[in-house]
Every structure is written in structure tokens, then in C-alpha cells.
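Residues per chain, in single letters:
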Amino acid sequence: MKASPSPVGSEVFSVVALLVISLVVLLILRHYLPLRTTAAYLTVPIFFALGLPASIILLVPIDLASSSRDVDSASRGIWLPDRVLLVSWRISYWLTFGLTWFILPILEEYADAGYREPKGRLLYSLRANAQYQALIFGTGLLGLIYVFISSGVSPGSLKGLIMALAYCWSLILAIYLMGHGLVAIPRRLFRNASISGRLKRIQANAAKVHEKMEDAIQNLEDLEAQVQELSGRKTGSAKIFRDWIEELAEESHLPESRPRTLTRRMSAPVINVPNVITERYLADLSRQLDRARHSRARYLDEWDRILQESTETQAILDSAGSKRIELGEASPHSTIFDRFTIMTPYTRYLYKYYFLPYTRIFFGVFFSLASFCIVWSEIIKSINPFFSIIAVTVVHHAEGERGRIGFAGQVIASCWIVYMCAAALTSLTEVKVWRGRALVRRNTHGESAMWYAMQVAKLSVPLSFNFMTFLLPETYTKTVFFDFLGHYIVLTPLGTWFDWLFPAFILIPVCATLFNLYGKVKNCVGFSGVIDDDEEENESGYGTGSWREGRDLIERELQGHSSLGRLGQSSSDRRSHVPNNPNNRLAPTMTVPPAERHRSLGSAPASTSRPSIDPQQRSQTEPEDENFFEAFGHRVKNTFDTVQTPKWLQNVGEGFKKPKWMGGDDDGDNSSPSRSGSDITRWFGRQEGRVRL
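Each chain has its residues counted from 1, following the order in which its sequence is written. Selection of residues for local features in this predicted model requires a pLDDT of at least 70, selection of side-chain atom pairs for listing and counting requires 80 or more, and totals for whole chains, interfaces and linings are taken over all residues. With hydrogens and water set aside, each side-chain value is computed from the structure's full complement of heavy atoms.

## Points about the overall build of the chain
Turning to step 1, where the next piece is worked out: Counting secondary structure elements, the chain contains 25 helices and zero strands.
Turning to step 2, where the next piece is worked out: Burial classes follow relative accessibility: with a 1.4 Å probe on protein chains only, a residue under 20% of its type's maximum area counts as buried, one over 50% as exposed, and anything between as partly exposed. For the chain, buried positions account for 46% of its 693 residues.
Turning to step 3, where the next piece is worked out: What makes two residues a contact is simply this: any of their non-hydrogen atoms within 4.5 Å. Nonlocal contacts in the chain, meaning residues at least 24 apart in sequence, comprise 76% of its contacts between residues at least 6 apart.
Turning to step 4, where the next piece is worked out: Accessible surface computed for the chain: about 36,600 Å², of which carbon and sulfur atoms make up 62%. Secondary structure elements are taken from DSSP: a helix is a run of H or I of four residues or more, a strand is a run of E of two residues or more, and numbering for both begins at the N terminus. Surface exposure here means Shrake-Rupley accessible area, sampled with a 1.4 Å probe, where a residue is shielded only by the protein chains that are shown.

## Here's the deal with the side chain of Asp-63
Turning to step 1, where the next piece is worked out: Secondary-structure assignment places Asp-63 in helix 2 (residues 40-68).
Turning to step 2, where the next piece is worked out: Judged by its relative accessible area of 0%, Asp-63 falls in the buried class.
Turning to step 3, where the next piece is worked out: Throughout this description, a polar contact denotes any pair of N or O atoms lying within 3.5 Å of each other; where both atoms belong to protein, one of them has to be capable of donating a hydrogen while the other can accept it, and for residues adjacent in sequence the pair is counted only when both atoms sit in side chains. Of note is the side chain of Asp-63, whose polar atom sits 3.2 Å from the backbone nitrogen of Val-480.
Turning to step 4, where the next piece is worked out: Other than its neighbours up to four places away in sequence, Asp-63 contacts Leu-85, Trp-89, Thr-479, Val-480 and Phe-481.

## Examining helix 4 (residues 118-151)
Turning to step 1, where the next piece is worked out: Fitting one axis to the seven residues ending at a residue and another to the seven starting there, the bend at that residue is the angle between the two axes. In helix 4, a bend of some 40° at Ala-130 exceeds every other bend along the element.
Turning to step 2, where the next piece is worked out: Along helix 4, the residues that are buried comprise Gly-120, Tyr-124, Ser-125, Asn-129, Gly-140, Gly-143, Leu-144 and Val-147.
Turning to step 3, where the next piece is worked out: At its buried positions, helix 4 is contacted by helix 3 (82-111), helix 5 (155-192) and helix 9 (279-322).
Turning to step 4, where the next piece is worked out: One or two positions beyond helix 4, positive phi appears at Gly-152, with a value near 90°.

## Points about the packing of helix 3 against helix 14 (residues 446-468)
Turning to step 1, where the next piece is worked out: Each axis is a line fitted through C-alpha atoms, and for a helix only the stretch in contact is used; angles between axes span 0 to 180 degrees, taken between their N-to-C directions. Taken N-terminus to C-terminus, the directions of helix 3 and helix 14 make an angle of 160°; their axes are 9 Å apart at the nearest point. With respect to their mutual orientation, helix 3 and helix 14 come out roughly antiparallel. Regarding helix 3 and helix 14, the two cross each other, and that crossing is left-handed. Of the residues in helix 14, those touching helix 3 at Tyr-93, Thr-96, Thr-100, Leu-104, Pro-105, Leu-107, Glu-108 and Ala-111 are Gly-446, Glu-447, Met-450, Trp-451, Ala-453, Met-454, Ala-457, Lys-458 and Val-461.
Turning to step 2, where the next piece is worked out: When the residues that make up the contact of helix 3 with helix 14 are grouped by side-chain class, the tally is eleven nonpolar, three polar and three charged. Angle categories are assigned with fixed cut-offs, so that under 35 degrees is roughly parallel, over 145 is roughly antiparallel, 65 to 115 is roughly perpendicular, and the rest are oblique. Helix crossings fall into two classes, left-handed where the near helix is turned counterclockwise from the far one by less than a right angle and right-handed where it is turned clockwise. Throughout this entry, Asp, Glu, Lys and Arg are counted as charged residues, while Ala, Val, Leu, Ile, Met, Phe, Trp, Tyr, Cys and Pro are counted as nonpolar. The remaining residues, Gly among them, count as polar.

## Examining the confidence of the model for the chain
Turning to step 1, where the next piece is worked out: Summing up the model confidence of the chain, the mean pLDDT is 78 and the portion of residues at 70 or higher is 70%.
Turning to step 2, where the next piece is worked out: This stretch, residues 565-625, has a pLDDT under 50; its non-local contacts, to residues over four places away or in other chains, come to 119 contacts.
Turning to step 3, where the next piece is worked out: Low pLDDT, under 50, characterises residues 665-693; the stretch is placed with 56 contacts to residues that sit more than four places away or in other chains. Values of pLDDT, which run from 0 to 100, indicate the predictor's confidence residue by residue.

## What about a nonpolar patch on the surface?
Turning to step 1, where the next piece is worked out: The grouping of Phe-190, Tyr-346, Leu-350, Tyr-354, Tyr-358, Ile-361, Val-365 and Leu-369 at the surface amounts to a nonpolar patch, some 760 Å² of accessible area in total.
Turning to step 2, where the next piece is worked out: Sort the elements by how many residues they give to the nonpolar patch and helix 11 (residues 345-380) lands first, with seven residues.
Turning to step 3, where the next piece is worked out: Along the chain, Ile-361 falls in helix 11. Patch membership requires over 30% relative accessible area and the absence of a salt bridge. Like charges are linked within 9 Å, and nonpolar side chains (Val, Leu, Ile, Met, Phe, Trp, Tyr) within 5 Å. Any Lys or Arg side-chain nitrogen found within 4 Å of a carboxyl oxygen on Asp or Glu counts as a salt bridge.

## Here's the deal with the packing of aromatic side chains
Turning to step 1, where the next piece is worked out: Within 6.5 Å between ring centres, the rings of Phe, Tyr and Trp (the latter by its six-membered ring) count as paired, and their orientation is classed by plane angle as stacked under 30 degrees, edge-to-face over 60, tilted in between. A complete count under the given rule lists 29 aromatic pairs for this structure.
Turning to step 2, where the next piece is worked out: Note on Phe-13 and Phe-407: the rings are 6.3 Å apart at their centroids and 80° apart in plane angle, and the pair reads as edge-to-face. Linking Phe-13 in helix 1 (residues 8-32) with Phe-407 in helix 13 (residues 407-428), this pair joins segments that are 394 residues apart in sequence.
Turning to step 3, where the next piece is worked out: Judged by centre distance (5.5 Å) and plane angle (80°), the rings of Tyr-93 and Phe-484 are edge-to-face. A residue pair is termed long-range when its members are at least 10 positions apart, and Tyr-93 in helix 3 and Phe-484 in helix 16 (residues 480-489) qualify at 391 residues.
Turning to step 4, where the next piece is worked out: Within the aromatic cluster, the residues linked to one another by ring pairs are Trp-89, Tyr-167, Phe-465, Tyr-476, Phe-481 and Phe-482.

## What about the pattern of salt bridges?
Turning to step 1, where the next piece is worked out: Under the defined criterion, the tally for this structure stands at eleven salt bridges.
Turning to step 2, where the next piece is worked out: Put simply, Asp-112 and Arg-291 hold a salt bridge, and the shortest N to O gap is 2.4 Å. A residue pair is termed long-range when its members are at least 10 positions apart, and Asp-112 in the loop between helix 3 and helix 4 and Arg-291 in helix 9 qualify at 179 residues.
Turning to step 3, where the next piece is worked out: With a relative accessible area of 1%, Asp-112 lands in the buried category.

## Some remarks on unusual backbone geometry
Residues apart from glycine generally show negative phi values, whereas peptide bonds are mostly found in trans.
Turning to step 1, where the next piece is worked out: For Lys-323, which is not glycine, the phi dihedral falls at a positive 60°.
Turning to step 2, where the next piece is worked out: Among the structural elements, Lys-323 can be located in the loop between helix 9 and helix 10 (336-339).
Turning to step 3, where the next piece is worked out: Among the residues examined, Lys-323 registers a relative accessible area of 37% and is labelled partly exposed.
Turning to step 4, where the next piece is worked out: Phi at Arg-442 takes a positive value of approximately 60°, unusual for a residue other than glycine.
Turning to step 5, where the next piece is worked out: When you line up the elements, Arg-442 lands in the loop between helix 13 and helix 14.

## Digging into the layout of surface pockets
Turning to step 1, where the next piece is worked out: Volume-wise, the second largest pocket comes out at about 1,000 Å³.
Turning to step 2, where the next piece is worked out: The rule is simple: put a 1 Å grid over the protein atoms alone, call a set of points where a 1.4 Å probe fits but cannot get out a cavity, call an open set with protein on both sides within 12 Å along at least five of seven lines a pocket, and count a residue as lining if it has an atom within 4 Å of a point. For the second largest pocket, the lining is made up of 33 residues, of which Trp-101, Tyr-132, Leu-135, Ile-136 and Trp-169 are closest to its centre.
Turning to step 3, where the next piece is worked out: Among the secondary structure elements, those contributing two or more residues to the lining of the second largest pocket are helix 3, helix 4, helix 5 and helix 14.
Turning to step 4, where the next piece is worked out: Here the residues of the lining of the second largest pocket are counted per class, giving 23 nonpolar, five polar and five charged. Grid points are joined across faces, edges and corners, and a volume is the space filled by probe spheres set on the points.

## Side note on the nonpolar core
Turning to step 1, where the next piece is worked out: Within the largest apolar cluster, 87 residues are counted, with the highest numbers of intra-cluster contacts made by Met-178, Ile-374, Phe-467 and Leu-485.
Turning to step 2, where the next piece is worked out: By residue number, the principal contributor to this core is helix 14, which donates 14 residues.
Turning to step 3, where the next piece is worked out: In contact with Ile-374, not counting residues within four places along its chain, are Met-178, Leu-182, Ile-390, Trp-416, Tyr-419, Met-420 and Phe-470.
Turning to step 4, where the next piece is worked out: Membership of the second largest hydrophobic core comes to 20 residues, among which are Tyr-124, Leu-220, Leu-223 and Ile-245. Nonpolar cores are built from buried Ala, Val, Leu, Ile, Met, Phe, Trp, Tyr and Cys residues. Side-chain atoms within 4.5 Å join them into one set.

## Notes on the packing of helix 5 against helix 11
Turning to step 1, where the next piece is worked out: For the pair helix 5 and helix 11, the least separation of the axes is 7 Å and the interaxial angle reads 160°. Classified by the interaxial angle, the pair formed by helix 5 and helix 11 is roughly antiparallel. Read as a crossing pair, helix 5 and helix 11 show a hand that is left-handed. Along the contact surface, helix 5 presents Ile-175, Met-178, Leu-182, Ile-185, Pro-186, Leu-189, Phe-190 and Asn-192, while helix 11 presents Arg-360, Ile-361, Phe-363, Gly-364, Val-365, Phe-367, Ser-368, Ser-371, Ile-374, Val-375 and Glu-378.
Turning to step 2, where the next piece is worked out: Looking at the contact of helix 5 with helix 11 residue by residue, the classes come out as 13 nonpolar, four polar and two charged.

## A closer look at the environment of Gln-228
Turning to step 1, where the next piece is worked out: With respect to the helices and strands, Gln-228 occurs in helix 6 (residues 195-231).
Turning to step 2, where the next piece is worked out: With a relative accessible area of 54%, Gln-228 lands in the exposed category.
Turning to step 3, where the next piece is worked out: Put simply, Gln-228 and Ser-252 are 24 residues apart on the chain and 8.8 Å apart in space, counted from C-alpha to C-alpha.

Below is the structure:
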């Protein structure tokens, strides 16, 4: 009698993998949150909201290998019994479901309430989520009527409705975000392969970030001025909330202890304090103060990162002549990896100037092929799943009708799911409609951390199930995951058609990102796109966030001439280290030609307002932003202007006057050859006086 195989080795591997996932999640939390000062009601839900989706990525390959094996034989990969898989799916799915739709939304508003007492925070959170939950409940009622008509009235129909609605809404968001990310990830790698192009994009982004940083600092100053005004009131309604006002005053910084812009030094802050102080007003003020502090920390962190990247990229670009990259003295707050290096200046030059750019090109090509395979599989699965490229890479052993999935196939399947999730989550950082939420190193707002964790939990389940549909139906319909979730998704004909046809709409975000439709829509209707696109770069002039303005701002900051000068820090410290960056080295000196240095530094205004430039000077410094017709008009004008008139034609036509549309005037002075073609370029959208040599 043949003994049944034992899954002990697979169980040990699964436990070790879960421990590794937990450790990685803790490191992520430590990177973005101060664990010692963050409340437990924030860290614990965020830990599970990140850990459970990661375990789902582990469960899908194990489920595929377990379902493809024979009953009386072991699998070629990691496998678990069906009962263990079912319990694991129930725990992972329902905990993720509860965190996504109930726990995290309430705790998100609870962390952003602004009230002192827990009761006031909870009531505020429930009121804020009432509209959201009412919308979900209304949608559920409409779906409930359809499901009861299609499948009958039963507890299973109600359970299937809840799971199907959650899956459909999450899949809509996941497909859109993943479609954008599948193009954005390889395109970013290709762009960063060019050192000069990368420096130019960093400088173009510097002007925008610097302006937002100034606005955040000014907003915080206005709010803290209100707190200072409140702390001066001793009678009336302010006396009732004396302790609350004192706490706000203690948490606020004095104006002398933080950087202030030149504009704020010369103007008084905006103070709007009502005569009657109420609990709601103080809660709103506390909430605005908390958001303003984190917004200021966010843009200061982005500005410091831009300074660091700019100096490093400029140093790489300047090393083309010397073929050496020297690193200055490490910062006292840098890690041990930054302090210790085995590379010589020449090997560091080879590594950063040649190896990294070509490596980015290689991975750009690799991820481009991976993105094509995902898009192709999304489209072809509803036509003929046998042509799915992903199915071929996962199922390696064609044994039996379904084929078997070994350990290599499981690893490849995990990589596919991770890339799909990374493409969707990468797009979250570029979307511009998320109420200013951002991830900041060691200083992320609790509400922002909750929101990002909720999106991770929301997107993991539909992307994992969507990946399984890339395989043959004979393979994924036998899995425990399909019996647990997929059975309810295809419970009705509408759910079946939605699951098969809707992923093909991934072509819409893919084409929108690939052909920069966001920028074209913005230019047509004058409305900013939903997602930031790096295609639009201002190539000419100042005052609109150009790379020249960003270059000047970075130069002034590194030289210690910025209006955001750090008080209590000497000029030598400002020149040697990038401000507020604990992991920096000595900032390399940026190379600027004498003429450019005189223009950017010698004539730089005292404030950080964007400098203006004369239109004629702009035309001389940036003539390359012309289209084809403008360039053709210039060449035609130059041809006519440089042709010498024969002597036998010089006296012909003196009795005639040119019409005004050809450049003629009432004085009859038409003998100047420079005016002969002056109006040709007007037909192509240019003013006269522009000559292209």
C-alpha cells in the first residue's frame, strides 16, 4: 500500500515565508512611521493591512500547485492540504475585507478628527463615514434585488453579493491603476538612463516642489499665528478650553525656531479667530495644524531629496572629463553602508556613469516585455486562453489534462503578481485627487498611512484572482480560491461577463499613458490631468516651473543664498550638507559656466519668486522650441533676406507701393531688403525680427 505524501516540508516553508513577510512589513512600517510614538490603534491595523495581502501573494502559487497535483502523489512544488488552504483563505479574505471596508475607513477619520477626547473623535469618524457607508449600502440594495431575481433568495446569494460587489469595485480601480503603472515603470527606467535628462527633470521638478514648500510653510505660519492669538485670550469662551489651547501652543513652534520665507518676514500672517470659541472650531484648528505640519514635513523632505539627487547627478555628469567621482565626508546621521565603500573613485565612475544607465535600459526592456505580456493576456483570455503568455510561463509540466505547476512555476507566478501589484500601487503616488496624502520617511501622517494601507488591502485580492484567470480554465477552476471566491463572482451572468470582458479595458489607461493623453486633454480643456505625466516639460522661459528656474533655486540653496535659510546653521554647513537630510554626504559643487552663473546668481532676485525674462532675450536663448512650420518660415525669410537684388531690378517698381499686408508703409520706403520677407513668418505664428541661422 502506497503511503500518502506528507506536507511537513511545505508547511515549514510556509511558516518561514510568513515570518519573513512579517519582518519585511515591520521594516516598511519603521521606514515610514515613528513606531515608538505612533499609537497602537494605527500600527496594528496597518500591519495586518500590509501583511495579509502579502500572504495572499504567497497563497495563490501554493493553491495552484496543490490543486494541480494528483491525490496520491506529492506536488513538484510547495503544497498544502485543501482544508488548510480553505482556512487560510477564509482568514486572509475576511480580515482583509473587514479592514478595507469598515475598520480602516473609521480609524482613518478617527486619526484625523482633531478632537481631544476619544468619544469626540469616534463620533466625528462615524459622521464622516456615514455618507460613504450609505452609498455602499444603496449599491448593495440594488445588487441584492438583481441577485435574488437571478439566483433566488438564500444566505449564499447574500454572501455572494457582498463578495462580488467588493471584487467588482476593487477590480475597476485596480485595472485603471495597473494600466497606468505598466507603462510608467519601464518608461521611468528609460528616462533615468539618460544622466543629463534625469538632471533636467529633477531641476524642472525643483521649482514646483519649492513653491509648494513655501505655500506649506506660509499656511503653517498662519495657523500657528491663530494659536498664538488664542493663547493670549484669558477670558470669555476661551477660558473654558484653556487646557486645549495651551496644548496647541506647546506643540506649535516659535517663529524664530523654523525657516520662514522672505514674503512672510515682510507681511503679517492672516489671523481669523472668531469671537466665540467652540469645541468644533478648536477641533478644526487642531486638524488643520496637524495636516499643515505633515504637509510642511512632506515638502521639506521632497526638497531635501531633490537637492541630494541633483548634486549626485551633477557630480556624475561632471565626472565625464576627470573619470573620477569623489565622495565627501559622510554625514554623522548616515548609515553604515554610506560610511563604508569598497569602490575607488574610478570604479565608482564606471559604476554610476556606465553600469547603472545600461542596467536601467536592460530592466526597462525587461519590464516593457512583462507589461506587454500582461496586457496581451488580459485581452486574449476572453478570446482563447491557450494563447496566454503568462499561462505558458507558469505551467511547465504538461502532465495530464491540466498540467502541473512546480516550484519554478510558483516563483514565476509570485513575480507576476508582485509586478501587477507594484504597477497599481506605483500609480497611487502619482494620482492628484487623494487630498494631499503622501508617504514621508519617518513622518507619515497617520491618516495617510491608513489610507495607503487600505488601498493595498483593497487591490491585492482582485489582482490575485485576475492573475489566476490568465491560466487555462481547467487549471484555476480546480483551486480552493476559485471555490471560495470565484464561484460567487460567476454566480450571475452579469458577473461572468464582467470578470471576462472588463479587464480588456486596460487598453484605455495604457494608451492614455503611452500617448500622453492626459497632457493633451489638459491642453484642450485647461484642466489638469488626474495623473501627473512627466511628458510635459516646460522648455522655455521662467515663471512656469522650468528647469532653468529649478537649477537656479538648487544653486542658491547649495550656496546658502536661499530665502529659506536654516537658522542656527552656518553657511559652511549649508554648503557642505544638503539641509534636513540625515543620509547625505558633502554636496558636490555644481558646474555652471561663467555667463550662466552671472545670469543665475549675480542677477538673482532677493526673494524666491520666479524671475522673469525679456521675450527678446528668451527668443535668443531658446530658439529650439519651434514647430516645423515656424522653422520653415524662418528659412524662407532668411533666403529672401540674403539674396542680393540684381542691378537691373533695383530701379524697377519704384513707382509702386507694397500693400500693408506685405510690409509696405505710407512713407514709400520699400527699398530695405530686410523688410522683403518680414511678414512670411507671421503666417506661421511668429513675430517679426526672429531670424534662424
